[in-house]
Amino acid sequence: MKILVTGGAGFIGSNFIRYILNKYNDAQILNYDALTYSGNLENLKDIKENGRYKFVQGNVADKNSLDEVFADFQPDLVINFAAETHVDRSIHVGAKEFIDTNITGVFNILEAVKNDSNIKKYVQVSTDEVYGSLDLDSENEFSEETSFAPNVPYAATKAGGDLLCRAYNHTFGVPVVVTHCSNNYGPYQYPEKLIPFLILRMLEDKKIPLYGDGENVRDWIYVLDHCSALESCLFNGKSGEVYNIGGDNELANVEIAKRILRYFNRDESWIEYVKDRPGHDRRYAIDSSKIQQELGWKPKYNFEQAFDETVKWYLNNPEWIDGVRKKTGVFNPHIDLWKEHKSLDDNKV
Ligand SMILES: NC(=O)c1ccc[n+]([C@@H]2O[C@H](COP(=O)([O-])OP(=O)(O)OC[C@H]3O[C@@H](n4cnc5c(N)ncnc54)[C@H](O)[C@@H]3O)[C@@H](O)[C@H]2O)c1
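Calculation criteria
Residues numbered from 1 in each chain as written. Predicted model: local features only at pLDDT ≥ 70, side-chain atom pairs only at ≥ 80, totals over all residues. Helix = DSSP H or I, 4+ residues; strand = E, 2+ residues; numbered from the N terminus. Rg over C-alpha atoms; globule rule 2.2 N^0.38 Å. Contact = placed C-beta atoms within 7 Å. Near = placed C-beta within 6 Å. Nonpolar A, V, L, I, M, F, W, Y, C, P; charged D, E, K, R; others polar. Core = buried A, V, L, I, M, F, W, Y, C linked by C-beta atoms within 7 Å. Buried ≥ 20, exposed ≤ 12 C-beta atoms within 10 Å, placed from the backbone. Axes fitted to C-alpha atoms, helices over the stretch in contact; angles between N-to-C directions. Parallel < 35°, antiparallel > 145°, perpendicular 65-115°, else oblique. Left-handed = near helix turned anticlockwise from the far one by under 90°. Pairing = 2+ DSSP bridges. Right-handed = clockwise from strand over helix to strand, strands pointing away. Expected span 1.5 Å × (residues − 1).

(A) Seen up close, the overall build of the protein. Along the backbone of the protein there are 12 helices and 13 strands. The globule rule puts the C-alpha radius of gyration for 349 residues at 20 Å, and the 19 Å found for the protein is close to it. By its C-alpha atoms, the protein is 60 × 45 × 35 Å across when sized along the principal axes. Sequence-distant contacts, at least 24 apart, represent 83% of the contacts inside the protein between residues at least 6 apart.

In structure tokens:
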């Protein structure tokens, strides 16, 4: 079973590779990753000597290099995690790289899969952000039938990739499945994302900045639950279908912040509310009944326990944090963006 994983050196991809290699003795994985700022081979240090794992550095937007990898490896299955993933960057730094990777990259993968009839399945890993925003006071959830309404450049480029997948299945019969998952947490997440970002702020004795009133709600899922859902889609998902994946665990950002403060025995004066992000979606909620009923998947991790384990992981892995700091120069480019939003005067870096 040869699986081509693109973008496997990032947060979810590296957890997925480890999960599959441990579970399937006959799985061989080739990880093709450009190693952008969020790609980190330290995420896969423990399996780099595994004979069933190989890494090739390359960009999904580079068609020739990608085609070579498809020709050499001859995968049975393909799963794409490669993406520009940070909403703030898509707003403040610019959307060009998002378009190159999240749209052109997906186009190149679809073309390669179209030209290789031995490939049984391609899973395109996408996000619930393509559906836009729900009201705080509504009880609606995103289903697979919800119309796309992306509000920020990141989400628009992910939606573009997803629509190409739909068209390639419809027009050419490419065996592609698209997934829309909610916010993940767990080990190896690049610390520009909320949970590791807040943990690291605490470790540095710095205040926790929250956008707006902190009431924006996300449906949090443990990364290994996302990995098992993707496993179901890769092996049993029906070509041309879309599956929504959620943790059934809606929490406001301020609740996440308070949970982290409790862990560090600090009170709420450590929270600083800063000017809201433009286009900030209010609430995401996922109806994952389709994948549960059709593929028999369900999340198994308990939030309280998995959240505590996640915090402990960051506390127990200072070398990993140092490695990220060294690789990206300034520890967290995000901070500069927060500064643009004003306030945080006591948080100079
Ligand atoms: N993190 C979440 O909460 C979440 C939720 C739902 C969906 N997703 C989706 O899951 C996927 C993985 O997200 P993540 O959080 O692991 O992201 P990440 O930023 O941690 O990792 C992205 C990986 O893609 C690689 N990459 C970027 N551009 C590339 C290119 N042009 N060619 C090859 N490799 C490239 C990076 O080097 C990195 O290893 C993304 O498609 C994202 O949209 C993430």
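The discussion continues.
(B) Layout of the site of the ligand. Near the ligand lie 31 residues; those nearest to it are Gly7, Gly10, Ser38, Gly39 and Ala83. If you list the elements that add at least two residues to the shell around the ligand, you get helix H1 (11–23), helix H4 (96–114) and strand E5 (121–127). Looking at side-chain class alone, the shell around the ligand contains 13 nonpolar, 15 polar and three charged residues.

(C) Geometry of the nonpolar core. Grouped together as the largest cluster of nonpolar side chains are 88 residues, with contacts concentrated most on Ile79, Leu110 and Leu230. Ile79 has contacts with Ile3, Val5, Val123, Val125, Leu230 and Leu234, leaving out every residue within four places of it along the chain.

(D) Layout of unusual backbone geometry. Backbone geometry places Leu35, a non-glycine residue, at a positive phi of 50°. Secondary-structure assignment places Leu35 in the loop between strand E2 (28–33) and strand E3 (53–57). We classify Leu35 as partly exposed; it has 15 C-beta atoms within 10 Å. Even without being glycine, Asp205 reaches a positive phi, approximately 55°.

(E) A look at the environment of Tyr243. Turning to its location among the elements, Tyr243 is positioned in strand E11 (residues 242–245). We classify Tyr243 as buried; it has 24 C-beta atoms within 10 Å. For the pair Tyr243 and Asn151, spaced 92 residues apart in the sequence, the C-alpha separation amounts to 21 Å. Residues in contact with Tyr243, not counting those within four places in the same chain, are Val177, Thr179, Cys233, Gly237, Lys290 and Ile291.

(F) The packing of H4 against helix H5 (residues 153–172), seen in detail. Two elements in contact, H4 and H5, have axes separated by 8 Å at closest approach and are oriented at 15°. With respect to H5, the element H4 is oriented roughly parallel. When the axes of H4 and H5 are compared, the crossing they make is right-handed. Each of Phe98, Ile99, Asn102, Ile103, Val106, Phe107, Leu110 and Lys114 in H4 lies in contact with H5, whose residues at this interface are Pro153, Tyr154, Thr157, Lys158, Gly160, Gly161, Leu164, Cys165, Tyr168 and Phe172.

(G) Spatial organisation of the pairing of strand E6 (residues 176–181). With six of six residues buried, E6 is to be regarded as a mostly interior element. Judged by which residues are buried, E6 turns out to be covered on both faces: Val176, Val178 and His180 on one side and Val177, Thr179 and Cys181 on the other are all buried. By the bridge criterion, six bridges tie E5 to E6 in an arrangement that is parallel. From the neighbouring strand, Val123 faces E6, where its bridge partner is Val177. With respect to chirality, the unit in which E5 leads through H5 into the neighbouring parallel E6 is right-handed. As judged from the four bridges shared by E6 and E11, these two strands associate in the parallel manner. The residue bridging Val178 from the neighbouring strand is Val242, located in E11.

(H) Representation of the packing of helix H6 (residues 194–203) against helix H8 (residues 253–263) within the structure. With their axes 10 Å apart at the nearest point, H6 and H8 run at an angle of 40° to one another. Crossing hand, H6 versus H8: right-handed. Between H6 and H8, the contacting residues are Leu194, Ile195, Leu198, Ile199 and Met202 on the first element and Asn253, Ile256, Ala257 and Ile260 on the second. Along the lines of polarity and charge, the residues of the contact of H6 with H8 split into eight nonpolar, one polar and no charged.

(I) Region of interest: the sheet that holds E5. Ordered by their spatial adjacency, seven strands build an open sheet running E3-E2-E1-E4-E5-E6-E11, and the pairing between neighbours is parallel. Each edge of the open sheet is held by one strand with a lone partner, namely E3 and E11. Across the sheet, the mean angle separating the axes of adjacent strands is 20° when strand polarity is ignored. Here four bridges tie strand E1 (residues 2–6) to strand E4 (residues 77–80), and the two strands are oriented parallel to one another. In the strand pairing of E4, Thr6 is matched with Asn80. Contacts from H4 reach E1, E4, E5 and E6 within the one sheet, and its direction differs from that of E4 by about 175°.

(J) Structural view of the environment of Ala149. Residue placement: Ala149 occurs in the loop between E5 and H5. Residues Ala149 and Ala159, spaced 10 residues apart in sequence, show a C-alpha to C-alpha distance of 8.7 Å. Among all residues touching Ala149, those that are not within four sequence positions of it are Tyr131 and Gly132.

(K) Spatial organisation of H1. Look at H1: 19 Å from first C-alpha to last across 13 residues, which is about the 18 Å you get at 1.5 Å a residue. Of all the positions in H1, only Phe11, Ile12, Gly13, Ser14, Asn15, Phe16, Ile17, Arg18 and Ile20 are classed as buried. In this structure, the buried residues of H1 make contact with E1, E2, E3, strand E7 (184–185) and helix H7 (223–236).

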